[in-house]
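# What the coordinates show
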Amino acid sequence: MSEQEKQQEKGSCGCGGCGCEQKAKAAATAGVTPAPRRGFMLKLGVGLLGIGGAITALPIVGYLIGPATKRYSNLWVELGELSIFPHGATRFATFLNPIRQPTDGDSAKTACWVRCIDATHFQVFAINCAHLGCPVRWFEQSKLFMCPCHGGVYYQDGTRAAGPPPRGLFEYVWKIEGGKLLIDAGRLPGLEEST
Amino acid sequence: MKRAVMFCSMVLCASGCDRPSASPAVQHVALAGELSTQSAFDTNCRGCHSQGAEGAALPLVNANYWKVATDATIIQAISHGQGRSMPAYLASEGGPFTAEQITSLVHGMRTLWGDGQPGGGGGISPVLTAGSASAGALVFSTACASCHAGQGTAGSVVDPMYLRMISDQGLWSAVVYGRSELGMPAWNQAMPGRPTGLSAQEVCDVVSWISSQRVSNEKVTK
Amino acid sequence: MSFLTSALLSSSKATMQWIEERTGVVAFAKPLLFHHVPRNAKWWYVFGSATLMFFTIQLVTGVCLATVYAPSAAQAWESLNYIDKEVPMGWMLRALHGWSSNAMVVMMAIHMLQVFLHASYKYPRELNWITGVFLLLTTLALAFTGQVMRWDQDAYWGLGIGAAIADRIPLVGDQVRALLLGGPIIGGETLNRFFALHVFILPGAALGLVGLHMMLIIKNGISEMPKPGAIVVPSTYREGFEERMKTEGVPFVPEAVQRDMVFCGVCLIALVALAAFYGPFGPGGMPDPTLINTNPRPDYPFMWLFGAVSLLPPASETAIMLIAPGVGVLVLIAVPFLSNSGERAPSKRPAMVLVALVTVMAIAALTWEGMTSPWSPVMDGWSALPTPAKFTHGRTPLEMQGAVVFQFAQCRNCHSLDGLGGKRGPELDDVASRLSYDQLVRQVQQGGGNMPAYGKNLDSAQTAAVVAFLATLHPSNEPDAKIPGAQLPPPPGSANAH
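First, a word on what this report is: a plain description of the structure on this page.

What counts, and where the lines are drawn
Residues numbered from 1 in each chain as written. Chains lettered and ligands numbered in written order. Predicted model: local features only at pLDDT ≥ 70, side-chain atom pairs only at ≥ 80, totals over all residues. Heavy atoms only, no water. Helix = DSSP H or I, 4+ residues; strand = E, 2+ residues; numbered from the N terminus. Buried < 20%, exposed > 50% of the residue type's maximum accessible area, 1.4 Å probe, protein only. Contact = heavy atoms within 4.5 Å. Areas by Shrake-Rupley, 256 points an atom, 1.4 Å probe, with all protein chains shown as cover. Rg over C-alpha atoms; globule rule 2.2 N^0.38 Å. Lys, Arg positive; Asp, Glu negative; His and termini not counted. Charge placed at Lys NZ, Arg CZ, Asp CG, Glu CD. Buried area = accessible area lost by both parts, 1.4 Å probe. Salt bridge = Lys/Arg side-chain N within 4 Å of Asp/Glu carboxyl O. Polar contact = N/O pair within 3.5 Å; in protein donor to acceptor, adjacent residues only side chain to side chain. Nonpolar A, V, L, I, M, F, W, Y, C, P; charged D, E, K, R; others polar. Pairing = 2+ DSSP bridges. Axes fitted to C-alpha atoms, helices over the stretch in contact; angles between N-to-C directions. Patch = residues over 30% accessible without salt bridge, like charges linked within 9 Å, V, L, I, M, F, W, Y side chains within 5 Å. Disulfide = S-S within 2.5 Å. Phe/Tyr/Trp six-rings, centres within 6.5 Å; stacked < 30°, edge-to-face > 60°.

## Looking at the overall build of chain A
Looking only at helices and strands, chain A has three helices and 11 strands in total. Counting from the amino terminus, chain A carries its helices and strands in the arrangement α-α-α-β-β-β-β-β-β-β-β-β-β-β. For chain A, the residues scored as buried account for 42% of the 195 residues in total. The long-range share in chain A, meaning contacts at least 24 apart out of those at least 6 apart in sequence, stands at 46%. For chain A, the accessible surface area stands at approximately 10,000 Å², while carbon and sulfur atoms represent 61% of it.

Okay, here's the thing in structure tokens:
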């Protein structure tokens, strides 16, 4: 077997009976030199596999990173009639998250603290401590929020009072409509709102 | 080794397939619905209203208290708070309990610590009524002053800061129930020199007089 | 009969040969089973095997649990309760899975510590160490995702902590958090993401890494017990090692494996005993984020991290939280490259022994701190812990009102009396011998030293009352605190104290 024939054998072996064989043979009879021919096949293989792989990966990657690309805003939810938030008091309120998924169960429920300063001024605080997100509790008597995890403490206006939190409590954007208090919900408040 | 294996298989048999410990589901139902009186008391009330000399405020493990106080007055105090130092426990006022839970808690405590009577006894009306300050001055000088006058041994009850802290109803409770373990008698009961203690009217009179000592007559509402 | 037996025997032998000829399984397994290991490799070497055994337990019990567990945020918690209460031996399977998970982490840590102390990671076993580091990371990831599978309040808020840390990443924090949670909130997709990690991706990775780790063990052999003076010289080590194994080594089966078997047997019995006595972990409170009367705590393997993040200075904590884990992993990976030759004996490497000792003590101390979490307020301290009797005797009416205010204003959540109460602030049993009346007033009103200012939150009467009470808190044989040289007027309301 000549060197050329060996090369040819190898080349055709690589693609089994997929029809490349004929092409390779055709190429061989057309008198193309063997080295570039094999090089071409390899390049073609790498190229096609690369393209095939990429278009297969595209939907997979898109599927996985999908959640990071969605944007949510202006998802207003009702917290209730203004009358359940007495002036000067801070009250616990809950709502169903507007961007919930069908399998969320109870985890779609969300809690927040509503401080009514007066009839037209509110503060709606995220339940999550600004340190690491644990649920803060309001103590009416000392007018403090305390966190059970690492001892973050906040004053009634949400500013940091003590402990490790780097900042005050996160706040929801609120509005009053038809005698009801609404907030723009839809995510765990985080540093995005810190402006 | 064999014995260890046998021991373990015995353990397995003993604990069986049903795990005996209370499941979280059961615990949760207890939180959301019915309350265990003792555990509700232990986490919400015990800090102040303990028993004996423990605790800063009136002990609730106290038969005299349950004899005099009616459910209505206790539910009122727990629901809406009292003075500057008793928080409101009703959910609509920011507290942890529903009205039904408070009612059941009060009934439960009465079962635990009361004498089976509904309250309103003890020879005294369970609420503060109008009193006469001038009559109260006399009661104070004879019954209270030896300990509670300005420089008395047990500390002044006319200290302006103290009077700002306590409501008239609170003064009434302090007189009627006392803190016997701490040396303050319960004045609805017999004591040396006063076989019937103080009458309902005398208590209201003395409260009225103490209250009249408030600086600028500032009243503590509620 | 005997004809039948011999026929069966010969046919089974033929079957074996038939299989062997086509698979080479015996030829493959022989060196695995009978390779020579150092004669002096005694009880020190059982921990790796125990780790592998616990991993096997995890695979088996995990697959079993997956047959009933519902990986759905709406049903996971209930399905766990169902497994605990209704499924025969369900609670035991969960207990085994939970305890075996902790045991695996512990065994892996001991194994790693032994390898570190004996410097077994030196030439030619650098990659043994590095695959081990990745196995450690995979195992910790399995432990964390496993905690999420429990889908109770600890799982929910544990994820919240993860999300809050991800949120702190500059620029892409939001995206990273969304990737982690499968959306902007912790919900259905979050659980399923972690489920995919916990039952497919991470166990797959762990299996691959275990295979690699084993392959390297076969290739490089088990290291000998370190001897002072037995220096590792990369250019001659392998030759010498192989020679010594030939002459002095013993076959893995049965010489070494018998110890592994004894130890693994004891481990298994201990595991079953722990699982049977203490039962499964959780599930804790139902995963309803509106039930906020919860004190989220991580599982044991992460308790030290929970402790560590509470001790970070606020100014640099974001940087530390984001950078430190990466640095830690890099340091672990770098270990064999910092020194892959020379002495292996701990007695000749005192600095490394010190490093190991400090690391172990730091993790133990932080775990202890995490479990006791003295920085956390006792959330119901104010309403659950009575003022001890010794602090109510002989107090004036105002001081007693102050004792009430002390409870009412939640002081007790952070300050203890007679050892009961929060440990976040100083214990106040004898505060009056440290602070004068005026200093007490200032501390209450202005706060400071990590205490909130109560100036706006207490009125003047409440402040006067609580300070009057605090001023009584000192041993009777010690005088009130005074500012040196200052002549203070007697504080109002304290004339009758003591």
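## Notes on the overall build of chain C
Looking only at helices and strands, one finds 19 helices and four strands in chain C. Whereas a compact globule of 498 residues would reach a radius of gyration of roughly 23 Å, chain C reaches 31 Å, over 25% beyond that. The long-range share in chain C, meaning contacts at least 24 apart out of those at least 6 apart in sequence, stands at 77%. Summed over all atoms, the accessible surface of chain C reaches about 23,100 Å², with 70% contributed by carbon and sulfur. Distance between charge centres in chain C, computed from 32 positive and 33 negative side chains, equals 8 Å.

## So, the interface of chain C and chain A
With 61 residues of chain C at the interface, the matching set in chain A holds 57 residues. A combined buried area of about 4,800 Å² lies between chain C and chain A, and 61% of that area is made up of carbon and sulfur atoms. Among the residues chain C hides against chain A, the three largest losses belong to Ile185, Ile292 and Met379 of chain C. Together they make up 14% of the total. For the pair chain C and chain A, the interface holds one salt bridge. Notably, a salt bridge pairs lysine 109 of chain A with aspartate 288 of chain C, separated by 2.8 Å at the nearest N-O pair. In this structure, the connection of chain C to chain A is made through 23 residue pairs in polar contact (both at pLDDT 80 or more). Contributing elements (two or more residues each) for the side of chain C that touches chain A: α7 (153-167), α8 (173-181), α9 (188-220), α12 (300-311) and α13 (317-338) of chain C. Counting residues per element, the side of chain C that touches chain A draws most heavily on α7 of chain C, which supplies eight residues. Residue composition of the side of chain C that touches chain A, by class: 34 nonpolar, 17 polar and 10 charged.

## Thoughts on the sheet that holds strand β10 (residues 174-177) of chain A
All names here are of chain A. The strand order across the open sheet formed by three strands is β1-β11-β10, and the pairing between neighbours is antiparallel. Of all strands in the sheet, those bounded by a partner on one side alone are β1 (76-81) and β10. When strand polarity is set aside, the average angle formed by the axes of neighbouring strands in this sheet is 30 degrees. Here β1 pairs with strand β11 (residues 180-184) via five bridges, running antiparallel. Bridging from a neighbouring strand, valine 77 pairs with isoleucine 183 of β11.

## Looking at the sheet that holds strand β7 (residues 153-155) of chain A
All names here are of chain A. The four strands are arranged β5-β6-β7-β8 in an open sheet whose pairing can be described as antiparallel. If you trace the sheet from one side to the other, it starts and ends with β5 (137-139) and β8 (160-162), each paired once. This sheet shows a mean twist of 35 degrees between the axes of neighbouring strands, independent of strand direction. The pairing of β7 with β8 spans two bridges and is antiparallel. Bridge pairing in β8 places tyrosine 154 opposite arginine 160.

## Some details on a nonpolar patch on the surface
The grouping of Ile60, Val61, Tyr63, Leu64 and Ile65 of chain A together with Leu179 of chain C at the surface amounts to a nonpolar patch, some 590 Å² of accessible area in total. No other element matches helix α3 (residues 34-69) of chain A, which puts five residues into the nonpolar patch. Within the fold, isoleucine 60 of chain A resides in helix α3.

## Focus on the state of the cysteines
Overall, the coordinates contain one disulfide over all chains when judged by the stated rule. Bridging cysteine 134 of chain A to cysteine 149 of chain A, the disulfide has an S-S length of 2.0 Å. Every disulfide takes its handedness from the sign of the S-S torsion; for cysteine 134 of chain A and cysteine 149 of chain A that torsion is -80 degrees, giving left-handed. In this pair, cysteine 134 of chain A sits in the loop between β4 (121-126) and β5 while cysteine 149 of chain A sits in the loop between β6 (144-146) and β7, placing the two residues 15 residues apart along the sequence. For the pair formed by cysteine 134 of chain A and cysteine 149 of chain A, the shared burial category is buried. We note that cysteine 144 of chain B lacks a disulfide partner, and the nearest cysteine sulfur, in cysteine 147 of chain B, lies 8.9 Å from it. Classification of cysteine 144 of chain B by relative accessible area gives buried; the value is 13%. Distance from the sulfur of cysteine 264 of chain C, which forms no disulfide, to the nearest cysteine sulfur (cysteine 267 of chain C) is 6.0 Å. Judged by relative accessible area, which is 13%, cysteine 264 of chain C ranks as buried.

## Observations regarding the pairing of strand β3 (residues 109-118) of chain A
All names here are of chain A. Counting buried positions along β3 yields seven of 10 residues, so the element is predominantly enclosed. Taken together, the seven bridges between strand β2 (residues 90-96) and β3 define a ladder with antiparallel strand orientation. In the strand pairing of β3, alanine 93 is matched with cysteine 112. In this structure, the hairpin formed by β3 and β4 is closed by a connection of two residues.

## As for the side chain of histidine 148 of chain B
Here histidine 148 of chain B lies in helix α7 (residues 133-148). You can call histidine 148 of chain B buried: its relative accessible area is 14%.

## Some thoughts on the packing of aromatic side chains
Residues and elements named next belong to chain A. This structure, assessed with the given rule, holds 30 aromatic pairs over all chains. Ring centres of phenylalanine 95 and tyrosine 172 lie 6.0 Å apart, and the angle between their planes is 85 degrees; on these two criteria the pair is classed as edge-to-face. One end of the pair, phenylalanine 95, is in strand β2; the other, tyrosine 172, is in strand β9 (residues 171-172), with 77 residues separating them in the sequence. A relative accessible area of 6% means that phenylalanine 95 is categorised as buried.

## Structural notes on the environment of valine 335 of chain C
Examined against the element boundaries, valine 335 of chain C turns out to sit in helix α13. Among residues more than four places away in sequence, those in contact with valine 335 of chain C are Phe116, Tyr121 and Trp129 of chain C.

## A closer look at the pairing of β11 of chain A
Residues and elements named next belong to chain A. Across four bridges, the pairing between β10 and β11 is antiparallel. Counterpart to tryptophan 174 in the pairing with β11 is isoleucine 183. The antiparallel hairpin formed by β10 and β11 contains two residues in its connecting segment, where glycine 178 sits at a positive phi of about 60 degrees.

Keep in mind these values describe shape, not function.
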